[in-house]
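Observations on the three-dimensional arrangement
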Amino acid sequence: MPENPAMPAPITLLTDFGSRDIYVGTLKGVIARIAPQAVVIDLNHEIAPQDVLAASFNLRMAYRYFPDGTVHVAVVDPGGRNAATGDRAADAPGLLCRP
């Protein structure tokens with residue numbers, strides 16, 4: 001639950017999309033369509049492709065600085081590994097969304 005119930009929970013984005021194409025903007029567009037009042041915060045979009053460990057490290061270092069109820073969206077292609085093997089941040093408190 002957000003610290004102020006009148007305010008929507010922040011949403012953080014961490015991806016391996018890079019910044020040379022439309023993917024980050026498209027993701028933000030989808031969020032804006034679903035929750036136009038949401039505060040969206042970019043953590044990092046320059047994770048090396050398939051570097052799940054780097055993504056996990058970035059998320060672990062950042063999540064504690066966000067209010068309770070923050071939704072953390074991490075999108076990093078695990079490169080063929082199953083989801084359980086690639087998930088290194090699942091024990092972080094709060095809501096973690098991943099493919």
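Report follows, based on the coordinates.

This brings us to the environment of A38. Secondary-structure assignment places A38 in the loop between α1 (23-34) and β2 (40-44). Judged by relative accessible area, which is 17%, A38 ranks as buried. Each C-alpha atom of the pair A38 and I11 lies 7.0 Å from the other, and the pair is 27 residues apart in sequence. With residues near it in sequence (within four places) discarded, A38 still touches P8, I11 and I31.

So, about the pattern of salt bridges. On inspection of all chains with the given rule, the structure shows one salt bridge. Between K28 and D42 there is a salt bridge, and its shortest N-O distance comes to 2.6 Å. Here the residue K28 occupies a position in helix α1, and D42 occupies one in strand β2, the gap between them amounting to 14 residues. Assessed through its relative accessible area of 29%, K28 is described here as partly exposed.

Analysis parameters
Within every chain, residues take consecutive numbers counted from 1 along the sequence as written. Reporting of local features is limited, given that this is a predicted model, to residues whose pLDDT is at least 70; pairs of side-chain atoms are given and counted only at 80 or more, and all residues count toward the totals for whole chains, interfaces and linings. Note that water and hydrogens are dropped before the side-chain values are worked out from all heavy atoms of the structure. In DSSP terms, a helix is any run of H or I states spanning at least four residues, a strand is any run of E spanning at least two, and both are numbered starting from the N terminus. Each residue is assigned to one of three classes by its accessible area relative to the maximum for its type, calculated with a 1.4 Å probe on protein chains only: buried under 20%, partly exposed between the two thresholds, exposed over 50%. Should any heavy atoms of two residues lie within 4.5 Å, those residues are counted as being in contact. The rule for a salt bridge is simple: a side-chain nitrogen of Lys or Arg has to be within 4 Å of a carboxyl oxygen of Asp or Glu.

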